Structures are given as C-alpha cells and as structure tokens.
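Reading the structure
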Amino acid sequence: MNKTLRTLLCLLLALSLCLALCACGSTNDTSDDTADSAAVEDAAADEEAAADETAADDEDVNADEPVTLVMSTSKNQTESGGIFLDYFCDYVEEASNGSITFERYYGGTLASSTEELSMLSSGAISVASIMSNQFSDALPLLQFPDMGFESNEEPTAYFCYMLLEYEETASLLEEEAAASNIKYLGYLAGGTRVWFSKTPITSLDDGQGLIFGGMSGLALMEELGFSTVSTAPPDCYESLSRGIVDLCGLNLIAACDMMWYEVAPNVTIYGAYACGSPLTINLDVWNSLSAEQQAILQEAADAACDYSLQYVLDNENAYLENLESEWGATVYEFSDEDAGTYRDAALYIGCLDAYTRAQSVGNTDEMQIILQACADYWDTDISDIFA
C-alpha cells in the first residue's frame, strides 16, 4: 500500500471516530433534555396535587352545609318577645355568614303558645322561646320558683345559673329536656311584674276574693287570698274583656304590647321581678349541626339574653309613662311591706308547689336537689318542705 492510500485510510478512520463521538454527545444531550423535561413535569404535578389538597382542606374548614331553621313565636314581631327572637336570628345569620338562616313565624301563625313544646319536640319548628309554666306535666323540674326577685337583673342571672351553670341542676334539667327532644340555650329577660285589673288594687287586702288569670304562680295567688283561673297570656285580653277574670299578671312590657290596658286600666306594681322564657331548640336539629354552628347558636343565645335585659332596663320607664299619659291607665305601687310579703311568699310557696307537683309525678329526689339549690342561691331555709 502506497503512502497516499495509507494517508487516506487514516483520514477516514479519524472521521469515523469523530462521527461516533458526535453521535454519543447527541444521545447524551437528548437524554439530559428528556430528564429535565420529566423533572419539570413531576414538579408541576406535585404542585397541582398540593394545590388540590389545600383546596380540599379549605373546603373542610368551610364544609358546613347551609341549613334553614324554623323559628316560631306566639308574639307579634313588634312585641318585645318577637324583637328578642329577631335579634337572636339576625345574630346567627350574620355570624354564620349565611350557613344558618331562619324562616320566621310570628303571632302564633305556625304554633300557638300551648303548641310550641309539642311542635318543638316533633321538629316541626326548630327554635322557640317557650312559656315553660304551660308545660308543667312534661317539664315538672323546670317549675322551680320564678318570682320573688327585687331587681330586673336578678332573675336572668338566677335562671342561667340553674339552667346552664350549676352542674347539679343543669344536668337534671338537661336530661328532662332531652326526654322531650329539646335543648335549652338560655333565658330571655322578663322584667317588672304587674297586674292589670278591672278595679284598683293598691294592697294585698284589695285583692281578696278577686279572680286572677294567668299561667304562673297560681298556688301563690291562692295562698294570698285570690281565686284563680288558668289563662294563657294571649287569652288574657279576652278573659278580662268578658269579665271571666278580674285581673291578669305578666311582665310590664309584654302586657302593654298586648294592650291589656284597654280592658283593664288599673296597673299594680307589686314589687317583684321575673324572668321571661327559655330560648329552646329541637335536640335533633342541634345534634345535626357542626361544632362551629352550635357555638354560633350558643353565642347568639348569650347575646340575646344580654340584649333582652338591656331592652327591658331601657324601655320600662317609657312604658310606665305611656300608660298614664297616652293609654288612659292608672299605675299603683305596693308598699314596701306588701311587696316584701309577696316576695317571701313567692319563694316559699313556689318551692312548696313545685315539690308537691314532684310528689305527684314521682321525681321528688330530683326536685329536692333543684329546690335546695334555689334555697342556697337565695340563702333561704326550706327544709320543712321536705320533712
């Protein structure tokens, strides 16, 4: 082989080696690009999965399904009882950002005052402020004394203590309520207790033999010398008008809202204050709500209790002025002696009546615990009742 041919072969061999090296380099670059692309795709997938997980977590935080509850009251919307329940419902709707809304029924259009418990128990209504003294057979333990206080602030604090704060009584009352498929959220304020009568009553002596209409404190009124007829507050106007009763009793604002002064223009302030009604919810409805929704309802109930008390304190004087200046009534007030006699009797007779009722239904042990707590709260001795 001559020199020229050897040179040509060497050049061809070198060229082949260069081509081989280029091919290898190209293969490595392609592999690197593929790996980089896969890594980017994996990172994007991980980021998307993380975003989905975060979104799912956010959904869990706001996972409460919207729920519509039914509020019913025998009070008209412009009456104090309707105003207090509107405050409660408005508070819940705003605090829950629409997670809880209410259908609202006023003036007994859905349930009368005597139907509220049965309709609460069945779930036909979700929330109401029941007149507990109308349901003594179903809720006997709740019939502990509710009058005999010397200021507007005392009754609300007392009832909240017995119903929600003091474990021994709260557990018994909660168990009794659960048997009727309800739960208490708190107590709304009542206010100054008054009588609206056909004739003036300026002292306890003036009331002897008169016929009292009401649902609360009937045994007390009989002990004080009155006759009694069980009469629901919405029926008092007609009973007074027709002469079935001579007087009816309730808190000042509620009675004025129902315009009792039109048929019984004599108003007696007898020196006692009472609570209003327990704000109550259907137990199944309560259990169906999330912990966050339950907390909102309880917070709203606490706020409504405070609001109702402040409303009473702010407005009672105006109602008293209107009674005489615009509504043609005359207002009388008991002496300190008669007022004290009434309050003392209210506590003792209230305990005695409640214990007698408990004996008839067979829950004396539970009632004794509750009444003893009442006596301890007011530093009063009622031991002879249990003898």
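For the structure given in this document, a descriptive report is provided here. (Residues numbered from 1 in each chain as written. Predicted model: local features only at pLDDT ≥ 70, side-chain atom pairs only at ≥ 80, totals over all residues. Heavy atoms only, no water.)

Broken down by element type, the chain carries 12 helices and nine strands. Within the chain, buried positions represent 46% of all 387 residues. In the chain, the share of contacts with a sequence separation of at least 24, taken over all contacts with a separation of at least 6, comes to 74%. Approximately 18,600 Å² of the chain is accessible, and the part contributed by carbon and sulfur atoms is 49%. (Helix = DSSP H or I, 4+ residues; strand = E, 2+ residues; numbered from the N terminus. Buried < 20%, exposed > 50% of the residue type's maximum accessible area, 1.4 Å probe, protein only. Contact = heavy atoms within 4.5 Å. Areas by Shrake-Rupley, 256 points an atom, 1.4 Å probe, with all protein chains shown as cover.)

Attention now goes to the packing of aromatic side chains. Under the counting rule described, the total for this entry stands at 26 aromatic pairs. Measuring from centroid to centroid gives 6.3 Å for Y87 and Y91, while their planes differ by 45°, and the two rings are tilted. Residue Y87 and its partner Y91 are both found in helix 2 (residues 80-95); the two are separated by four residues, about one turn of the helix. On the basis of relative accessible area, Y91 is assigned to the partly exposed category, the value being 24%. (Phe/Tyr/Trp six-rings, centres within 6.5 Å; stacked < 30°, edge-to-face > 60°.)

With that settled, consider the environment of L220. In this structure, L220 sits in helix 6 (residues 218-223). Taking the C-alpha atoms as reference points, L220 and A346, 126 residues apart in sequence, are found 6.2 Å from one another. Excluding anything up to four places from it in sequence, L220 contacts M147, Y342, A345, A346 and I349.

In the contact formed by helix 11 (residues 336-361) and helix 12 (residues 364-377), the axes pass within 8 Å of each other and the chain directions differ by 165°. By the criterion of interaxial angle, the relationship of helix 11 to helix 12 is roughly antiparallel. Two packed elements cross with a definite hand, and for helix 11 against helix 12 that hand is right-handed. For the pair formed by helix 11 and helix 12, the contact residues are C351, A354, Y355, A358 and Q359 on the first element and T364, M367, Q368 and L371 on the second. Partitioning the contact of helix 11 with helix 12 into residue classes produces six nonpolar, three polar and no charged. (Axes fitted to C-alpha atoms, helices over the stretch in contact; angles between N-to-C directions. Parallel < 35°, antiparallel > 145°, perpendicular 65-115°, else oblique. Left-handed = near helix turned anticlockwise from the far one by under 90°. Nonpolar A, V, L, I, M, F, W, Y, C, P; charged D, E, K, R; others polar.)

Our next topic: the pattern of salt bridges. Counted by the stated rule, this structure contains six salt bridges. For D90, the salt bridge is made with R104, and the minimal N-O distance between the two is 2.8 Å. Remark: R104 occurs in strand 2 (residues 100-105) and D90 occurs in helix 2; sequence separation between them is 14 residues. Looking at D90, the relative accessible area reads 41%, which means it is partly exposed. (Salt bridge = Lys/Arg side-chain N within 4 Å of Asp/Glu carboxyl O.)

Note that every value here comes from positions in space, so none of it alone points to a role or purpose.
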